[in-house]
Amino acid sequence: MSKLFESIQLGSLTLANRIVIAPMCQYSADEGKATSWHHAHLGQLSFSGAGLLILEATAVEKVGRISPQDLGLWNDETQSALAGLMTSLRANSEMPIGIQLGHAGRKASCYAPWQGGTHISSQQGGWQTIAPSALAFADGDQAPEAMDLEKIAQLKQAFVDSAKRADQLGFDLIELHGAHGYLLHQFLSPLANQRDDQYGGSLENRMRLLLEIFQEVRQVFAHHKPVGVRISASDWVAGGWDLEQSIVLAKALEKLGCSFIHVSSGGLSPQQKIAVGPNYQVPFAQGIKQAVAMPVIAVGLITEAEQAEAIIGTGQADMVALARGILYDPRWPWHAAAKLGAKVAAPKQYWRSEPHNVKGLFNVK
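Residues numbered from 1 in each chain as written. Predicted model: local features only at pLDDT ≥ 70, side-chain atom pairs only at ≥ 80, totals over all residues. Heavy atoms only, no water.

1. Some details on helix 8 (residues 305-313)
Helical geometry: 3.6 residues make up each α-helical turn, so side chains three or four residues apart lie on a common side. Regarding helix 8, the residues found buried are Ala305, Gln307, Ala308, Glu309, Ile311 and Ile312. Where helix 8 is buried, its residues touch helix 7 (282-289), strand 11 (296-298), strand 12 (319-322) and helix 10 (332-340). Directly after helix 8, the chain includes Gly315, whose backbone phi takes a positive value near 75°. (Buried < 20%, exposed > 50% of the residue type's maximum accessible area, 1.4 Å probe, protein only. Helix = DSSP H or I, 4+ residues; strand = E, 2+ residues; numbered from the N terminus. Contact = heavy atoms within 4.5 Å.)

2. A closer look at helix 3 (residues 149-169)
Helix length check: helix 3, at 21 residues, gives a terminal C-alpha distance of 30 Å against a target of 30 Å (1.5 Å per residue), a fit within 8%. Ile152, Leu155, Lys156, Ala158, Phe159, Val160, Ser162, Ala163, Arg165, Ala166 and Leu169 are the residues of helix 3 that are buried. Taken from the residues just after helix 3, Gly170 is the one with a positive phi, measuring 90°. (Expected span 1.5 Å × (residues − 1).)

3. Quick word on the pattern of salt bridges
Under the criterion given, the structure shown has 12 salt bridges. Of the charged contacts in the structure, one is a salt bridge between Glu31 and Lys62, with a shortest N-O distance of 3.3 Å. On the criterion of sequence distance, the pair formed by Glu31 in the loop between strand 3 (19-21) and helix 1 (36-45) and Lys62 in the loop between strand 4 (52-59) and helix 2 (76-92) is long-range, its members being 31 residues apart. Residue Lys62 is classed as partly exposed on the basis of its relative accessible area, which comes to 41%. For Lys151, the salt bridge identified is with Glu145, shortest N-O distance 3.4 Å. The structure contains a network of salt bridges with shared partners spanning Lys3, Glu6 and Arg18. (Salt bridge = Lys/Arg side-chain N within 4 Å of Asp/Glu carboxyl O.)

4. Here's the deal with the packing of helix 1 against helix 2
Between helix 1 and helix 2, whose axes approach to 10 Å, the crossing angle comes to 30°. Taken together, the axes of helix 1 and helix 2 lie roughly parallel to each other. Viewed along their axes, helix 1 and helix 2 form a crossing whose handedness is right-handed. For the pair helix 1 and helix 2, contact is made by His38, His39, Leu42 and Gly43 and by Gly84, Leu85, Ser88 and Leu89, respectively. Classifying every residue of the contact of helix 1 with helix 2 gives 3 nonpolar, 5 polar and no charged. (Axes fitted to C-alpha atoms, helices over the stretch in contact; angles between N-to-C directions. Parallel < 35°, antiparallel > 145°, perpendicular 65-115°, else oblique. Left-handed = near helix turned anticlockwise from the far one by under 90°. Nonpolar A, V, L, I, M, F, W, Y, C, P; charged D, E, K, R; others polar.)

5. A word on the side chain of Lys107
Structurally, the position occupied by Lys107 is in the loop between strand 5 (97-102) and strand 6 (130-131). Of the side chains with opposite charge, Asp141 comes closest to the buried, unpaired Lys107, at an N-O distance of 9.1 Å. There is a polar contact of 2.9 Å between the side chain of Lys107 and the backbone oxygen of His180. Looking at Lys107, its side chain comes within polar contact range of the main-chain oxygen of Gly267, at 2.7 Å. Other than its neighbours up to four places away in sequence, Lys107 contacts Ile66, Phe137, His180, Gly181, Tyr182, Gln186 and Gly267. (Lys, Arg positive; Asp, Glu negative; His and termini not counted. Polar contact = N/O pair within 3.5 Å; in protein donor to acceptor, adjacent residues only side chain to side chain.)

6. Looking at the pairing of strand 5
For strand 5, the buried fraction is high: 6 of the 6 residues fall into the buried class. The side-chain alternation of strand 5 yields two buried faces, one formed by Ile97, Ile99 and Leu101 and the other by Gly98, Gln100 and Gly102. For strand 4 and strand 5, the ladder comprises 6 bridges, and the chain directions are parallel. Within the sheet, the bridge partner assigned to Leu55 lies in strand 5 and is Ile99. For strand 5 and strand 8 (residues 173-178), the ladder comprises 4 bridges, and the chain directions are parallel. Of the residues in strand 8, the one forming a bridge with Gly98 is Leu173. (Pairing = 2+ DSSP bridges.)

All we've got here are geometric facts, nothing functional implied.
Listed below in structure tokens is the structure:
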């Protein structure tokens, strides 16, 4: 039996296998509203047979968008657009669907990647960004506004409000975005957080905001639905956030009832030095898995079925998340199941596509 295709529980949510489609920004929304692109993009991924699909980073307030084209969930209009999308996805797929709620902080107000991805200043039509401290992400960027306690309270309420909307929309799961140099990660890292109040300085203080937001979201999202967190386990910069601190955070989240932790790395500083290669982030997931009981998701150049099987089979992580790999091959779980002798879900309209040499590939109901 393939370990990759064994089911797993996230709270009371059962996933058919250990393959997660990671959140992937599409920079294709209209004032935060999902568009026809999202219907096409997520529709094809919902046919992939993965155990879980998590929507891209979705801004909890307008100034929290990475780009002007980011998806959002901060008002009735953005909620209505997502409602139409969810109706379409649910009509054609039984795959569990989650949403990643986030705020870009000082990395907001940027062009889409194919437009260069650089910061858009206020003079260029961008907006004033916010952060734990008035430290720009990169030289030449407009400095963010350091958040006062009132702004922090507003941020927490924005996460709560978006979580309530996500619940109303019928999402099965929420993932809080505490990774990749965005606002919650900025509070965690001493490189970006140089505050001298209760939200800065010590590790306990730097973790405070993420833990408070987790607790408040957990209180308003349906109790039987999972809430997890994505983190960057390392800034890849000396003196920054690292695995040791990540383990402390993971243990604190677990005590609060966190359903899973999704372990990535980097994104906080242009000074990062990352040795990229297959499985390059998996050791971070493994280190955290050894310290907590909650399910751990590993990411990072996981491209081959046998590679993913080994990660699960050797206990390095409980699940694997695919991003660019599943964009390149939207039927990756089908092909992995064929290689590993497992079964996978597929729409009945596609059952006839089963290759002759892998009879019994699809779960035919």
